[in-house]
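# Structural description and commentary
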Amino acid sequence: MIVDCAIYRDGRRTQGPPDFSDALDLCRLQDDAFVWIGLYEPTEKEFDQVAEEFGLHPLAVEDALNAHQRPKLEVYDDSLFMVLKPVGYEPKSDIVSSGEVMVFIGDSFVVTVRHGVEAPLGVVRHRLEHEPEMLRHGPTAVLYTIADAVVDHYLEVAGELGRDLEELEAEVFSPTGGGSRHTASRIYAFKRQILEFRRATGPLAQPLTRLAGTGLIGARVPFVHDKAQPFFRDVSDHLTRVNESVEGLDRLVSDVLSAHLAQMSVRQNDDMRKISAWAAMAAVPTMIAGIYGMNFEHMPELHWLGSYPALILGMAALEVLLFRLFKRRGWL
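Residues numbered from 1 in each chain as written. Predicted model: local features only at pLDDT ≥ 70, side-chain atom pairs only at ≥ 80, totals over all residues. Heavy atoms only, no water.

Attention now goes to unusual backbone geometry. Residues other than glycine seldom take positive phi values, yet Glu41 does so here, at roughly 40°. In this structure, Glu41 sits in the loop between β3 (33-40) and α2 (44-54). We classify Glu41 as partly exposed; its relative accessible area is 37%. Within the chain, Phe223 stands out as a residue other than glycine whose phi angle is a positive 70°. (Helix = DSSP H or I, 4+ residues; strand = E, 2+ residues; numbered from the N terminus. Buried < 20%, exposed > 50% of the residue type's maximum accessible area, 1.4 Å probe, protein only.)

What follows is about the domain arrangement of the chain. A common way to express how large an interface is: the accessible area buried when the components associate. Examined at the domain level, the chain breaks down into domain 1 (2-264) and domain 2 (265-329). Just the C-alpha atoms count here: the centres of domain 1 and domain 2 sit 72 Å apart. (Domains from an automatic or database assignment.)

Attention shifts here to the packing of helix α6 (residues 139-172) against helix α7 (residues 183-201). Contact pair α6 / α7: the axes reach a minimum separation of 12 Å and the direction vectors enclose 165°. Here α7 runs roughly antiparallel to α6, going by the angle between their axes. α7 is crossed by α6, and the crossing has left-handed handedness. Note on element contacts: α7 touches α6 through Thr183, Arg186, Ile187, Phe190, Phe197, Ala200 and Thr201, opposite Tyr154, Val157, Ala158, Leu161, Asp164, Leu165, Leu168, Glu171 and Val172. (Axes fitted to C-alpha atoms, helices over the stretch in contact; angles between N-to-C directions. Parallel < 35°, antiparallel > 145°, perpendicular 65-115°, else oblique. Left-handed = near helix turned anticlockwise from the far one by under 90°. Contact = heavy atoms within 4.5 Å.)

Quick look at a negative patch on the surface now. Taken together, Asp19, Asp22, Asp25, Glu44, Asp48, Glu52 and Glu53 make up a surface patch of like negative charges. Looking at the negative patch element by element, the count peaks at four residues for α2. Within the secondary structure, Glu53 sits in helix α2. (Patch = residues over 30% accessible without salt bridge, like charges linked within 9 Å, V, L, I, M, F, W, Y side chains within 5 Å. Areas by Shrake-Rupley, 256 points an atom, 1.4 Å probe, with all protein chains shown as cover. Salt bridge = Lys/Arg side-chain N within 4 Å of Asp/Glu carboxyl O. Lys, Arg positive; Asp, Glu negative; His and termini not counted. Charge placed at Lys NZ, Arg CZ, Asp CG, Glu CD.)

Take the sheet that holds strand β9 (residues 109-115) next. The seven strands lie next to each other as β2-β1-β3-β9-β8-β5-β4, forming an open sheet whose pairing is mixed. The open sheet has two edge strands, β2 (12-14) and β4 (72-75), and neither has a second partner. The average angle at which neighbouring strand axes cross in this sheet is 20°, direction not considered. Where β4 and strand β5 (residues 79-84) come together, four bridges link them in antiparallel fashion. The partner of Val75 across the bridge, within β5, is Leu80. Here α2 sits on the sheet in contact with β3, β8 (100-106) and β9, set at roughly 155° to β9. (Pairing = 2+ DSSP bridges.)

Burial within β9 is extensive, with six of its seven residues counted as buried. In terms of strand pairing, β3 meets β9 through six bridges, oriented parallel. Opposite Ile37, over in β9, you have Val111 as the bridge partner. In terms of strand pairing, β8 meets β9 through seven bridges, oriented antiparallel. Pairing of Val101 across the sheet is with Arg114, part of β9. Here β8 hands over to β9 after two residues, with Ser108 in that stretch at a positive phi of 70°.

Turning our eyes to something else, we now look at the pattern of salt bridges. This model, assessed by the stated rule, comprises 15 salt bridges. The shortest N-O distance in the salt bridge between Asp4 and Arg13 comes to 2.8 Å. Between Arg9 and Asp32 there is a salt bridge, and its shortest N-O distance comes to 3.9 Å. On the criterion of sequence distance, the pair formed by Arg9 in strand β1 (residues 2-9) and Asp32 in the loop between α1 (20-28) and β3 is long-range, its members being 23 residues apart. Judged by its relative accessible area of 41%, Arg9 is partly exposed.

For the structure on display, the rule yields eight aromatic pairs. Both rings, one in Phe47 and one in Phe104, keep their centres 6.1 Å apart while their planes meet at 50°; by these two values the pair is tilted. With Phe47 in helix α2 and Phe104 in strand β8, this pair connects stretches of sequence that are 57 residues apart. The class of Phe47 is buried, set by a relative accessible area of 0%. (Phe/Tyr/Trp six-rings, centres within 6.5 Å; stacked < 30°, edge-to-face > 60°.)

So this is what it looks like as structure tokens:
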């Protein structure tokens, strides 16, 4: 469905023809005007008319309709196509959710397609309409502001993930919490959320590098003003910080999982030592009782009146000796 269709001239929203085809023709007659159409999860039938009117490439149209794309930047003859994956994080459930934003920019037009709820397009449009100086730069300003909003939210999500990981780490190394049987599953689930976050942030580095005019590619990207490259470099720097944070979080959660498994192994070894120590203490009286429980007539001290208390005292003495020995060595 079409969420919004507006004409912007000289950085301000203006009235224009209700039909976006007429609006596009009008904008192309004016150097400082462009039309911005926003769509939310359009059907193939709804998007066909837009794609035909704006001359969008069939491959890009297919990607925009099907969603589930990696962040990327594609240059076609009549338009530029970029995919971004905004993310959201729910700290209570430790779940990272992602949406998708597809941006087409070309000669005097911007078409944005949103999938999922994690997309800041409404906020971006509102922000740009209150910054006419920025909006005067046309479709490039829209692309920059969307990328900037998405990456800035990445920084917030990375910070929230870092705080939750600190709490999880404190729980693992606490005297009581680390031994929970659910701790390992929680750590692994948290690692899965970091992986979901990385799928959104990692592939976006190359498209932003192209837009910033840096790296090995370094060529000018069509439909993007050269003067916008410093702004995209700033967004690329922020994304680099995010990716470094994600790498650090991934390594740290792997270390926390390894530490938890090591703790569990140590505790199991301690339990086994205690069980072995008690078994050794139980073996001494069992051995003595087993020997004198044999059915032989001629055995030493068998008919001596003091044999029973002597054996009981002997077993008790041996038990005390073993207990003190194991206690001194930390086995009990």
